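Close look at the chain arrangement
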Number of protein chains: 2
Amino acid sequence: MRQGIIGIVGGMGPEAGLSLSGKITGSTIAASDQDHLPQILYSLPEMIPDRTEYITGNIKTNPAGGILQILKGMEQSGVTIAALACNSAHAPEIFDVVVSGLRQRKSKIRLLHMVDEVGDFISRHYSVGARVGVLGTTGTYRTRLYDRLQKYGLTTVNISGQEQHQMHQAIYHPHFGVKSSAGIIPERAVSIMENAANSLIKSGAELIVMGCTELALIYSDRQFQGLPVIDSSEVLARALINAHSPGKLKPWIE
Amino acid sequence: MRQGIIGIVGGMGPEAGLSLSGKITGSTIAASDQDHLPQILYSLPEMIPDRTEYITGNIKTNPAGGILQILKGMEQSGVTIAALACNSAHAPEIFDVVVSGLRQRKSKIRLLHMVDEVGDFISRHYSVGARVGVLGTTGTYRTRLYDRLQKYGLTTVNISGQEQHQMHQAIYHPHFGVKSSAGIIPERAVSIMENAANSLIKSGAELIVMGCTELALIYSDRQFQGLPVIDSSEVLARALINAHSPGKLKPWIE
């Protein structure tokens, strides 16, 4: 393996990891099985506590520990480029601990940052200065994770605290949340997502970022009310292909 | 990890590996991310030559070598129960070489056999003595892989050589085959599958086995013309859950 293996830290939840891996396959130019890129997906959910629960102070164990242990195992298996299939895991209190842990053990893994990839993608495909509406978990919301887009000349638009409470339920609720839906998306989750997106548009959003891998399971269209919808996990999948074998990246079709 | 990790040898093709992994998630009783079973999916397609091409003599390298190397890496990562996400890889000329390689290196991995799991499943859920129509790749067809179902008191029904040629194309053809379709299933592949299934019914089949993980991507219903359709990869997913944590297996709904 000249360029090594692509490693995906999944299990946050399992569907999000599978979805990221599938998007790599879907955006790779390949005429046969053997043309596809080498990937290893670790889905060890028991090892990684809930990211939002940690960010909001409900649990004390930093998910960074489990993530680091998984990355260590991956590196031993030949992984050279890796990504975390969870937006909330990119909050500085988690992601920065992972990065400093990798540095400490002199890891050679190149770990991509989902939000940086989204920023780079939007500024290349859409206009700099755009107002980006962001949807995601309460962990992503509270840490204002997507404010990082400012580095790319973009401003962010957010929903209200009350709307965010609903949004989080659409992901996590044991009855109508997408995490417990096993493939069939509950209507209520869809309508919460649509209400939140409409609210972002009213607040001036010019495009919408699905800042949670599981939101892309609720709504997979590339447009909402005529505005572009950016799936952060698809952008990350494309960035992984580009980092590994740029010649195999399918052209972007809006 | 008391029971260790479930390992999936994917990449044959990548979609089949993802599909098997997703079926494990879908059939697991879980209220949160953390309740899901630990899984590692290796999708290293470059390491595993095409199974049917080997079986039919078009290539000389036995895919067993790459599969064994992957299982070795998995075992080092904590995998205790494993499966191959490809029916054709269960042909004796491949699978038996894998098993004897594992024995040679005193591996403790428990490698399930997809066809045995299908046999066990059908004889428990349907009637012993049933006539089972089998669809799959030409590799699976030529090696009469599913004749192994006789061990479970079942007889098999197969399509003609000409129909099999078409069937294989529905999986492998660079334009209308499911392997190069990246998620959108071509109509032609669907109609080939339906014609083949109708032909099995005319020959007396009482139920139909999708004996290729990718066929379940073409046709995911549980019935065809009123007869039960058994997805071999779903059966394998359920067997993996059962081998790891039987209490977490969702009940079977026909």
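Residues numbered from 1 in each chain as written. Chains lettered and ligands numbered in written order. Predicted model: local features only at pLDDT ≥ 70, side-chain atom pairs only at ≥ 80, totals over all residues. Heavy atoms only, no water.

**With respect to the sheet that holds strand S8 (residues 223-224) of chain B**
Residue and element names in this part refer to chain B. Strand order across the open sheet formed by five strands is S6-S5-S7-S9-S8, with mixed pairing between neighbours. Two strands close off the open sheet at either side, each with one partner strand: strand S6 (155-157) and S8. By the bridge criterion, three bridges tie strand S5 (residues 131-135) to S6 in an arrangement that is parallel. Bridging across to S6, Gly133 finds its partner in Val157. (Pairing = 2+ DSSP bridges. Helix = DSSP H or I, 4+ residues; strand = E, 2+ residues; numbered from the N terminus.)

**Focus: the sheet that holds strand S2 (residues 39-43) of chain A**
Within a beta sheet, neighbouring strands are joined by backbone hydrogen bonds and run either parallel or antiparallel to one another. In spatial order, the strands read S4(A)-S3(A)-S1(A)-S2(A)-S2(B)-S1(B)-S3(B)-S4(B); together these eight strands make up an open sheet with mixed pairing. Single-partner strands in this sheet number two, and they are strand S4 (110-111) of chain A together with strand S4 (110-111) of chain B. The sheet contact formed by strand S3 (residues 79-84) of chain A and S4(A) spans two bridges and is parallel. Paired with A:Ile81 across the two strands is A:Arg110, which belongs to S4(A).

**Comments concerning unusual backbone geometry**
Residue and element names in this part refer to chain A. Gly13 follows Met12 through a cis peptide bond whose omega is -15°. Looking at where Gly13 falls in the secondary structure, it is placed in the loop between strand S1 (5-9) and helix H1 (14-26). You will see that Arg144, though not glycine, has its phi angle at about 45°, which is positive. You can call Arg144 partly exposed: its relative accessible area is 46%. (Buried < 20%, exposed > 50% of the residue type's maximum accessible area, 1.4 Å probe, protein only.)

**Things to note about the interface of chain B and chain A**
In this complex, chain B contributes 34 residues to the contact, which on the side of chain A involves 34 residues. Three residues, B:Leu18, B:Asp33 and B:Gln34, lead the burial of chain B against chain A; their summed loss comes to 22% of the area buried on that side. Counting every contact that joins chain B to chain A gives two salt bridges. With a shortest N-O distance of 3.1 Å, A:Asp33 and B:Arg51 are connected by a salt bridge. For the interface between chain B and chain A, the tally reads eleven residue pairs in polar contact (both at pLDDT 80 or more). (Contact = heavy atoms within 4.5 Å. Buried area = accessible area lost by both parts, 1.4 Å probe. Salt bridge = Lys/Arg side-chain N within 4 Å of Asp/Glu carboxyl O. Polar contact = N/O pair within 3.5 Å; in protein donor to acceptor, adjacent residues only side chain to side chain.)

**Things to note about the environment of A:Gly136**
Note on placement: A:Gly136 falls in the loop between strand S5 (131-135) and helix H6 (138-142). Sequence spacing of A:Gly136 and A:Asp33 is 103 residues, and the spatial spacing of their C-alpha atoms is 34 Å.

**Considering the nonpolar core**
Ranked by size, the top nonpolar core spans 69 residues in total, and within it A:Ile122, A:Tyr146, A:Leu240, B:Ile122, B:Tyr146 and B:Leu240 carry the most contacts. Setting aside residues no more than four positions away along its own chain, A:Leu240 makes contact with A:Ile6, A:Leu20, A:Ile24, A:Ile81, A:Ala82, A:Ala83 and A:Leu112. A:Ile55, A:Ile67, A:Ile70 and A:Leu84 belong to the second-largest nonpolar core, a separate cluster that totals 52 residues. (Core = buried A, V, L, I, M, F, W, Y, C linked by side-chain atoms within 4.5 Å.)

**Section: helix H3 (residues 64-76) of chain B**
Residues and elements named next belong to chain B. Here H3 spans 19 Å end to end across 13 residues, near enough to the 18 Å set by a 1.5 Å rise per residue. For H3, the full list of buried residues reads Ala64, Gly66, Ile67, Leu68, Ile70, Leu71, Gly73 and Met74. A positive backbone phi angle near 105° is found at Gly78, which sits one or two residues after H3. (Expected span 1.5 Å × (residues − 1).)

**Points about the packing of H3(B) against helix H4 (residues 92-104) of chain B**
Residue and element names in this part refer to chain B. At a closest axis distance of 9 Å, the pairing of H3 and H4 adopts a crossing angle of 40°. It follows from the interaxial angle that H3 and H4 lie oblique. For the pair H3 and H4, the crossing hand works out as right-handed. Contacts between H3 and H4 involve Ala64, Ile67, Leu68 and Leu71 on the former and, on the latter, Ile94, Val97, Val98, Gly101 and Leu102. Looking at the contact of H3 with H4 residue by residue, the class counts come to eight nonpolar, one polar and no charged. (Axes fitted to C-alpha atoms, helices over the stretch in contact; angles between N-to-C directions. Parallel < 35°, antiparallel > 145°, perpendicular 65-115°, else oblique. Left-handed = near helix turned anticlockwise from the far one by under 90°. Nonpolar A, V, L, I, M, F, W, Y, C, P; charged D, E, K, R; others polar.)

**Observations concerning the domain arrangement of chain A**
Residues and elements named next belong to chain A. We note that the domain assignment places domain 1 (5-113 + 235-248) and domain 2 (115-231) within chain A. In this structure, domain 1 and domain 2 have C-alpha centres spaced 20 Å apart. Contact residues are listed per partner, giving 24 residues for domain 1 and 27 residues for domain 2. Both faces combined, the contact of domain 1 with domain 2 buries some 1900 Å², and carbon together with sulfur accounts for 56% of it. Among the residues domain 1 hides against domain 2, the three largest losses belong to Asn87, His113 and Val235. Together they make up 38% of the total. Between domain 1 and domain 2 we count one salt bridge in total. Linking domain 1 with domain 2 are twelve residue pairs in polar contact (both at pLDDT 80 or more). Among the elements of the structure, H1, helix H2 (51-55) and helix H10 (232-244) are those that each provide at least two residues to the side of domain 1 that touches domain 2. (Domains from an automatic or database assignment.)

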